Each structure stands twice: as structure tokens, then as C-alpha cells.
Amino acid sequence: MTISEILQYCMNKPGAGQSVHSDWKATQIKVADVLFAMVKEVEGRPAASLKTSPELADLLRQQHSDVRPSQHLNKAHWSTVYLDGTIPDSQIYYLVDASYQQAIELLPDNTRQQLSV
């Protein structure tokens, strides 16, 4: 998977918007100002930081060498997933969906309702 492919997938989510975090040289994807993905190159490889439960983050890191704690985010919840590694694209898409859903759950009810239209 490429950076452009994951960005396109993220931006197809209702309410998704992107901005650049200049200090980290990363593209942030948010829904109503809640971050659900950060995409950039890490060690010369395409990667995305995605939010999961701490339990899933631990499991993914144990099972895949291409999943690591995110450098600039809460390491219990955020994992950096290398897009060009051993993780199937379908699993990366699932992780994007799960991260987006966690962001949605943090939104006020009225904002969440507007996104489901």
C-alpha cells in the first residue's frame, strides 16, 4: 500500500479533513478536529499511525514486526504501521476503520449525527 492509497481511503470517510503537521512532516487526518490517522515516511518507508485499544496495539506489535509504538503519540493507543510490510492491505483498512470509529465516538452527539447523513 502507498501513502496516496491510504490518504485516499481516509479522506473518503465522512467529515474527514487533512492538514500538515510541519514539525513531524506528517499529514494528519481528522474528523471534526479529532485525529484518527497520521501518515508519513518513517525510516524511508511509508507508514501510518493509527489508534486502537491498548490490548489490540499490544497484540499487533507482538504479531507483526511492521507495527511499532508511534513516536509522537500516546504509545499505549497509537501504533505506527508500515504500509509496505507484511500486513495485508485488508488489515490496514480495518485498522483505519477502527481508528476512525474511535474518533467518531469522541465527538458530541450532534456532530456525530451530522456525519451520518
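Conventions adopted
Residues numbered from 1 in each chain as written. Predicted model: local features only at pLDDT ≥ 70, side-chain atom pairs only at ≥ 80, totals over all residues. Heavy atoms only, no water. Helix = DSSP H or I, 4+ residues; strand = E, 2+ residues; numbered from the N terminus. Contact = heavy atoms within 4.5 Å. pLDDT = per-residue confidence, 0-100. Salt bridge = Lys/Arg side-chain N within 4 Å of Asp/Glu carboxyl O. Buried < 20%, exposed > 50% of the residue type's maximum accessible area, 1.4 Å probe, protein only. Core = buried A, V, L, I, M, F, W, Y, C linked by side-chain atoms within 4.5 Å. Pairing = 2+ DSSP bridges.

1. Structural notes on the environment of Ala37
Now for step 1: Mapped onto the secondary structure, Ala37 falls in strand β3 (residues 34-42).
Now for step 2: The spatial distance from the C-alpha of Ala37 to the C-alpha of Glu55 is 19 Å, given a sequence separation of 18 residues.
Now for step 3: Every residue in contact with Ala37, bar those within four places of it in the chain, is listed here: Cys10, Thr27, Gln28, Ile29, Ser49, Leu50 and Trp78.

2. So, the confidence of the model for the chain
Now for step 1: Scored by pLDDT, the chain comes out at a mean of 93, with 99% of its residues at no less than 70.
Now for step 2: Within the chain, the lowest mean pLDDT, 87, falls on helix α4 (residues 109-115), and the highest, 97, falls on helix α1 (residues 3-11).

3. A few points about the pattern of salt bridges
Should the charged atoms of two oppositely charged side chains come close, the side chains can pair.
Now for step 1: Taken as a whole and judged by the stated rule, the model has 5 salt bridges.
Now for step 2: For Arg45, the salt bridge goes to Asp84, with nearest N and O atoms at 2.9 Å. Linking Arg45 in strand β4 (residues 45-51) with Asp84 in the loop between β6 (78-82) and α3 (89-105), this pair joins segments that are 39 residues apart in sequence.
Now for step 3: Judged by its relative accessible area of 42%, Asp84 falls in the partly exposed class.
Now for step 4: When the shortest N-O distance is used, the salt bridge between Arg112 and Asp109 registers 3.3 Å. Taken together, the positions of Arg112 and Asp109, both in helix α4 and 3 residues apart, correspond to about one turn of that helix.

4. Notes on the nonpolar core
Now for step 1: Within the largest apolar cluster, 26 residues are counted, with the highest numbers of intra-cluster contacts made by Ile6, Ile29, Val31 and Phe36.
Now for step 2: Those elements giving two or more residues to this core turn out to be α1, β2 (26-31), β3, β4 and α3.
Now for step 3: In terms of residue count, the dominant contributor to this core is α3 (6 residues).
Now for step 4: With residues near it in sequence (within four places) discarded, Ile6 still touches Met1, Val39, Ala48, Leu83, Ile92 and Val96.
Now for step 5: Residues Ala26, Met38, Leu73 and Trp78 belong to the second largest nonpolar core, which totals 5 residues.

5. Examining the pairing of β4
Now for step 1: Counting buried residues in β4 gives 6 out of 7 residues, a clear majority hidden from the surface.
Now for step 2: Note that β3 and β4 share 6 bridges and pair antiparallel. Note that in β4 the partner of Lys40 across the bridge is Ala47.
Now for step 3: In this antiparallel pair of consecutive strands, β3 and β4, the connection spans 2 residues, and Glu43 shows a positive phi of 55°.
Now for step 4: Pairing between β4 and β6: 5 bridges, direction antiparallel. Bridge pairing in β6 links Leu50 to Ser79.

6. Describing the environment of Lys30
Now for step 1: Residue position: Lys30 is located in strand β2.
Now for step 2: Sequence-wise, Lys30 and Ile104 are 74 residues apart; in three dimensions their C-alpha atoms are separated by 9.9 Å.
Now for step 3: Setting aside anything within four residues of it in sequence, one finds Lys30 in contact with Gly15, Ala16, Gly17, Leu35 and Phe36.

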